[in-house]
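Listed here are the chains, written in short residue letters.
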Amino acid sequence: MPDIDIKSIEKKWLEYWEKEKIYSFDPLSNKKIYSIDTPPPTVSGKMHIGHAFSYAQQDFIARFKRMSGFNVFYPFGTDDNGLPTERLIEKLKNVKSKSMSRVDFISLCLKTLKEITPDFIQDWKNLGISCDYAMYYSTINPISQKISQLSFLQLYKKGLIYKEGFPTLFCPECQTPIAQAELEDKEKETFLTTIKFMSNNTVLPIATTRPELLAACAAVFVNPEDKRYSHLIKKKASVPLFDYEVPIIADPSAQLDKGTGVLMVCSYGDKYDVEAIKKHKLQQKVVLTKQGTLNIEKYSGLKIKDARKVILKDLKDANLIIEQKQIKHNVNVHDKCGTEIEFLPTEQWFIKILDKKKELIAQGRKITWHPKHMQKRYENWISGLEWDWSISRERHFGIPIPAWHCPKCKDTILADESDLPIDPIQIKKQCKKCKSFADPEEKVLDTWATSSLTPQIASYLVNNKIKIPYSLRPQAHDIIRTWAFYTIVKALYHENSIPWKEITISGFVTLGGEKMSKSKGNVISPQEILQTYGADALRYWAASSKLGEDLDYQEKDLVTGKRFITKILNVANFIFPNIKYQEKMPKLQETDHLFLTQINSLIKSATSVFQDYNYSKAKLETDQFFWKIFADNYLEIIKHRIYNGKEQEKASASYTLYQSFLTIIKLIAPFTPYITEDIYQTHFAKHEKDKSIHLSEWPSQFKIKSSKEDEIIWSKMLEIITLVRQKKSEAKKSMKSEIHLFLTKEDQALLKPVLNDLKAVCNAKEIKEGDFNVQVL
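As the structure is a computational prediction, the values presented were derived from the model and not from experiment.

Trainee: Can you tell me about the overall build of the chain, naming the residues and giving the values?
Mentor: The number of helices and strands found in the chain is 22 helices and 30 strands. For the chain, the C-alpha atoms occupy an extent of roughly 110 × 60 × 45 Å along the three principal directions. Sequence-distant contacts, at least 24 apart, represent 78% of the contacts inside the chain between residues at least 6 apart. Total accessible area computed for the chain in this model is approximately 35100 Å², and 49% of it derives from carbon and sulfur atoms. In the chain, 114 positive and 97 negative side-chain charges are present, and the distance between their average locations comes to 2 Å.

Trainee: Could you give an account of the environment of Gln527, naming the residues involved and the relevant values?
Mentor: Note that Gln527 resides in helix H13 (residues 526-532). According to the relative accessible area criterion, Gln527 is partly exposed, its value standing at 21%. In sequence terms Gln527 and Ala52 are 475 residues apart; their C-alpha atoms lie 9.6 Å from each other. Apart from residues lying up to four places away in sequence, Gln527 is in contact with Lys46, Met47 and Asp123. There is a polar contact of 3.1 Å between the side chain of Gln527 and the backbone oxygen of Met47.

Trainee: Now, about the packing of aromatic side chains: what can you tell me, with residues and values included?
Mentor: Within the structure shown, the criterion is met by 47 aromatic pairs. A ring pair is formed by Phe595 and Trp714, whose centres lie 6.0 Å apart and whose planes are at 45°; its orientation type is tilted. Separated by 119 residues along the polypeptide, Phe595 in helix H16 (residues 590-611) and Trp714 in helix H20 (residues 708-730) bring together distant segments of the chain. There is no split in this pair, since Phe595 and Trp714 are both buried. Lying over the aromatic face of Trp627, Arg563 brings its terminal NZ or CZ to 4.3 Å of the ring centre. A cation over a ring is seen here: Lys639 above Phe574, with NZ or CZ 5.3 Å from the ring centre.

Trainee: Tell me what's going on with the sheet that holds strand S14 (residues 342-351), and back it up with residues and numbers.
Mentor: Taking strand neighbours across the sheet as the criterion, the four strands line up as S6-S5-S14-S16 in an open arrangement whose pairing is antiparallel. Every interior strand has two partners, whereas the edge strands, strand S6 (176-177) and strand S16 (389-390), have only one. Strand direction decides the pairing type here: strand S5 (residues 161-171) and S6, joined by two bridges, are antiparallel. The residue of S6 that forms the bridge with Cys171 is Thr176.

Trainee: Describe unusual backbone geometry, listing the residues and the values that go with them.
Mentor: What you tend to see is this: most non-glycine residues have negative phi, and most peptide bonds are trans. The step from Leu420 to Pro421 runs through a cis peptide bond, and the omega angle for that step is -5°. The peptide bond linking Ile468 to Pro469 adopts the cis configuration, its omega dihedral lying at 5°. For Pro469, the position within the fold is in the loop between helix H11 (454-460) and strand S23 (470-476). In this structure, Gln175 takes a positive phi of about 55° despite not being glycine. Mapped onto the fold, Gln175 is located in the loop between S5 and S6. Positioned with a positive phi, Lys281 is a non-glycine residue whose angle comes to about 50°. As for its position among the elements, Lys281 is in the loop between helix H6 (271-279) and helix H7 (304-317).

Trainee: Now, about the sheet that holds strand S27 (residues 551-552): what can you tell me, with residues and values included?
Mentor: If you trace the three strands from one edge of the open sheet to the other, you get S26-S25-S27, paired in mixed fashion. Looking along the sheet, the strands with just one partner apiece sit at the ends: strand S26 (514-515) and S27.

Trainee: Please give an account of the state of the cysteines that cites residues and values.
Mentor: All chains considered together, the criterion is met by zero disulfides. Here Cys171 stays free of any disulfide, with the sulfur of Cys337 as its closest cysteine sulfur at 3.5 Å. Of all cysteine sulfurs in the structure, the one in Cys217 sits closest to Cys266, which takes part in no disulfide; the separation is 4.9 Å.

Trainee: For the packing of H16 against H20, give the residues involved together with the corresponding values.
Mentor: Packing of H16 against H20 leaves a shortest axis separation of 10 Å and a crossing angle of 105°. Judged by the angle between their axes, H16 and H20 are roughly perpendicular. Side by side, H16 and H20 meet where Glu590, Thr591, His593, Leu594, Phe595, Thr597 and Gln598 of the first sit next to Asp710, Glu711, Ile713, Trp714 and Met717 of the second. The class makeup of the residues in the contact of H16 with H20 is five nonpolar, four polar and three charged.

Trainee: Before we move on, can you summarise the side chain of Lys490 with the specific residues and values?
Mentor: Among the structural elements, Lys490 can be located in helix H12 (residues 480-495). Nearest to the buried, unbridged Lys490 among oppositely charged side chains is Asp446, at 9.1 Å. Apart from the residues lying within four places of it in its own chain, the contact partners of Lys490 are Ser151, Leu155, Ile351, Trp389, Ala449, Ser452, Leu453 and Glu495.

Trainee: How would you explain the packing of helix H1 (residues 6-20) against helix H19 (residues 673-684) if you had to name every residue and give the values?
Mentor: H19 packs onto H1 with a crossing angle of 80° between their chain directions and a minimal axis gap of 9 Å. By the criterion of interaxial angle, the relationship of H1 to H19 is roughly perpendicular. Residues Ile9, Glu10, Trp13, Leu14, Tyr16 and Trp17 of H1 touch H19, and the partners they reach there are Pro673, Tyr674, Ile675, Glu677, Asp678 and Gln681. Taken together, the residues of the contact of H1 with H19 break down into eight nonpolar, one polar and three charged.

Trainee: Mind laying out H16, listing which residues take part and the relevant values?
Mentor: Between the first and last C-alpha of H16 there are 32 Å, a value that for 22 residues agrees with the 32 Å anticipated at 1.5 Å per step. Across the 22 residues that make up H16, a large majority, 16, are buried. Where H16 ends, the next residue or the one after it, Tyr613, has phi of about 65°, a positive value.

Trainee: Help me get a handle on empty space enclosed by the protein, residues and values and all.
Mentor: For the structure on display, the rule yields five cavities of 30 Å³ or more. The volume enclosed by the largest cavity comes to roughly 90 Å³. Taken together, Phe166, Pro167, Thr168, Leu169, Ile178, Ala179, Gln180, Phe343, Phe350, Trp387, Asp388 and Ser390 make up the lining of the largest cavity. Listing elements by their share of the lining of the largest cavity, those giving two or more residues are S5 and S14.

Trainee: Can you break down the pairing of strand S7 (residues 183-199) residue by residue, with the values?
Mentor: By the bridge criterion, 13 bridges tie S7 to strand S13 (residues 321-334) in an arrangement that is antiparallel. The residue of S13 that forms the bridge with Thr190 is Ile327. Taken together, the seven bridges between S7 and strand S8 (residues 202-208) define a ladder with antiparallel strand orientation. Within the sheet, the bridge partner assigned to Phe197 lies in S8 and is Leu204.

Trainee: Break down the pattern of salt bridges for me, citing the residues and quoting the values.
Mentor: Summed over all chains, the structure comprises 37 salt bridges. With a closest N to O distance of 2.9 Å, Arg102 and Asp423 form a salt bridge. Of this pair, Arg102 sits in helix H4 (residues 102-126) while Asp423 sits in the loop between strand S20 (412-414) and strand S21 (439-440), and the two are 321 residues apart along the sequence. The pair formed by Arg102 and Asp423 is uniform in burial state, with each residue classed as buried.

Definitions and limits used
Residues numbered from 1 in each chain as written. Predicted model: local features only at pLDDT ≥ 70, side-chain atom pairs only at ≥ 80, totals over all residues. Heavy atoms only, no water. Helix = DSSP H or I, 4+ residues; strand = E, 2+ residues; numbered from the N terminus. Contact = heavy atoms within 4.5 Å. Areas by Shrake-Rupley, 256 points an atom, 1.4 Å probe, with all protein chains shown as cover. Lys, Arg positive; Asp, Glu negative; His and termini not counted. Charge placed at Lys NZ, Arg CZ, Asp CG, Glu CD. Buried < 20%, exposed > 50% of the residue type's maximum accessible area, 1.4 Å probe, protein only. Polar contact = N/O pair within 3.5 Å; in protein donor to acceptor, adjacent residues only side chain to side chain. Phe/Tyr/Trp six-rings, centres within 6.5 Å; stacked < 30°, edge-to-face > 60°. Lys NZ or Arg CZ within 6 Å of the ring centre and 35° of its normal. Pairing = 2+ DSSP bridges. Disulfide = S-S within 2.5 Å. Axes fitted to C-alpha atoms, helices over the stretch in contact; angles between N-to-C directions. Parallel < 35°, antiparallel > 145°, perpendicular 65-115°, else oblique. Nonpolar A, V, L, I, M, F, W, Y, C, P; charged D, E, K, R; others polar. Salt bridge = Lys/Arg side-chain N within 4 Å of Asp/Glu carboxyl O. Expected span 1.5 Å × (residues − 1). 1 Å grid on protein atoms, 1.4 Å probe; cavity = no way out; pocket = protein on both sides within 12 Å on 5 of 7 lines; lining within 4 Å. Points joined across faces, edges and corners; volume = space filled by probe spheres on them.

As structure tokens, this is what we get:
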């Protein structure tokens, strides 16, 4: 058979699904609703392999639920108000947001998004993701802006939002504050340099990886129990190169058995510096700018890493280095760009979460997690929180914070709810108290402050017919600390509810055991996979992994998927020219009856595991059944009857082939939607009532009698067929070769109802009584 034209098949049925609105949610239906809080992918380029992997897995569940009789609410959104989208547009249009007015840059972003979003979404459609694309939202559109700004106003009025100036996590590359959830650990090489501080002619050796912060030193800490330095406590230490003095303070954070035992406290090297300066009420001396440069003396204007090199050289020239060694250590980087973060004192907006840890853990426990152990990640994240949720960002493209500040009264003036969405920069606001014109808030909301409201945004698409809790939230495990956590926060604060009843967590795609990333150069393009192997093969591969498990990309798995597609189409092409449609179940031959009992077992098992979201086991069982039981054995067993049987024997085989093959393609349809639709429309649609296999009913068990002996007979039959094939292979004979088959009296009695089919499939000239043996003629 020539190669299958996969692209033509996919194009044909994708157009059919869209034209016939196969996946549309019906708000007027009486069916039970199954609502999915679909992850809105970030508009930052094209679909990547991780997207394809995780969205395919959630789509398996959506398709199963649809076939199980639910009215599936499965909207599609795009997350396009975040930093990745801003950076993409800067790259596409060769501009810098900071060099443009906010109004002009936002206008450019919205115009560009209108141009690129349809192609971006097309990747999901091509993959066969069965969302209702008419139910579409963008996290930057007016409705999302209104809902997000309304959330801000409501939480502010509840006393859950506050504004405060203190050292905040800051990304000098993106030039914006970030939240704790946006941090990643990254191992980097650097120098650990031990530097000479002096006090009363005594050397204080201080080891640091941040010599560029010497000019920001606010104090030196020694342990109160450290006899080496106890005489220096409350005295002053001279800061090398910068010739100013700082207090020497006794503090247990300087550990006796760690490093030199002496610490320098700077404003600000890390979170411990923040805590130390606050604890001892030290004077901060900030030497870093928001642009990631120094602002002190001759080093002014130098980038952090450049300044570090120059300062190390100056220390060496001044004989102020005691020791230097190269080390590897973990540093906090911004997950969006990989830049090492700094702590800079800025005024920012925060949502209170630190005093709600117990409630938030309790909310998580009301949700069913798949897999269960992912709940622990959620709880560990909450337990380790050290700051409230920073929700403001110093960027142009985002949802404006709907507030103004009176410079005289120092009051915060909120927008009226009826005016939302609103951009304070474009509206003049007078203070009601002093009648002065207020300053507009120029910061925007962090994208998670909006994405945490996706259930409410999606519900707006159906006039709030769907309320939280939704049925399901599918997502990847790397954003448990952000999207899952923040959505639970907002649902609790706004509606005292959980956002969804269940959550499914997918893993990563790896290559050679390593997570794929552009920086490593080990990225596989899903678009190329779709072009070469097709969507069904990619989905077939994605179904190999359980929820929460990472899956290593191997091309052989796609080859296997494509082989399956070819095989199932070949099987269809064999079956239908050779059978006659039977509207009702005829009197079944025993072999057909036994085979349907096997199908019943498959239906029961696949349904059970799918209901528990164990789609990988459902796919594996169906796949193995198709290859090993159906194609390798049953088809071969009944070929003789199909070609040469009596009318009643043919009718039984025809009915069983039709119904069992329909069952198999239904069971595999969530995984390979294109080829199963093609087979259904070509061979089944004229007899079945559904206009798509994906709107048909999930298979239910055949109403036939069964007994324990059925399994024994079936297993013995397959065992003998396997042994006969093995003997023919060993004799280097064709599988069509005639044989004499010897069976014991007991086996002949057991297999009496199926002996004719057994004899035919083995091409046995005769079956004789005796110990099992095969004589190849």
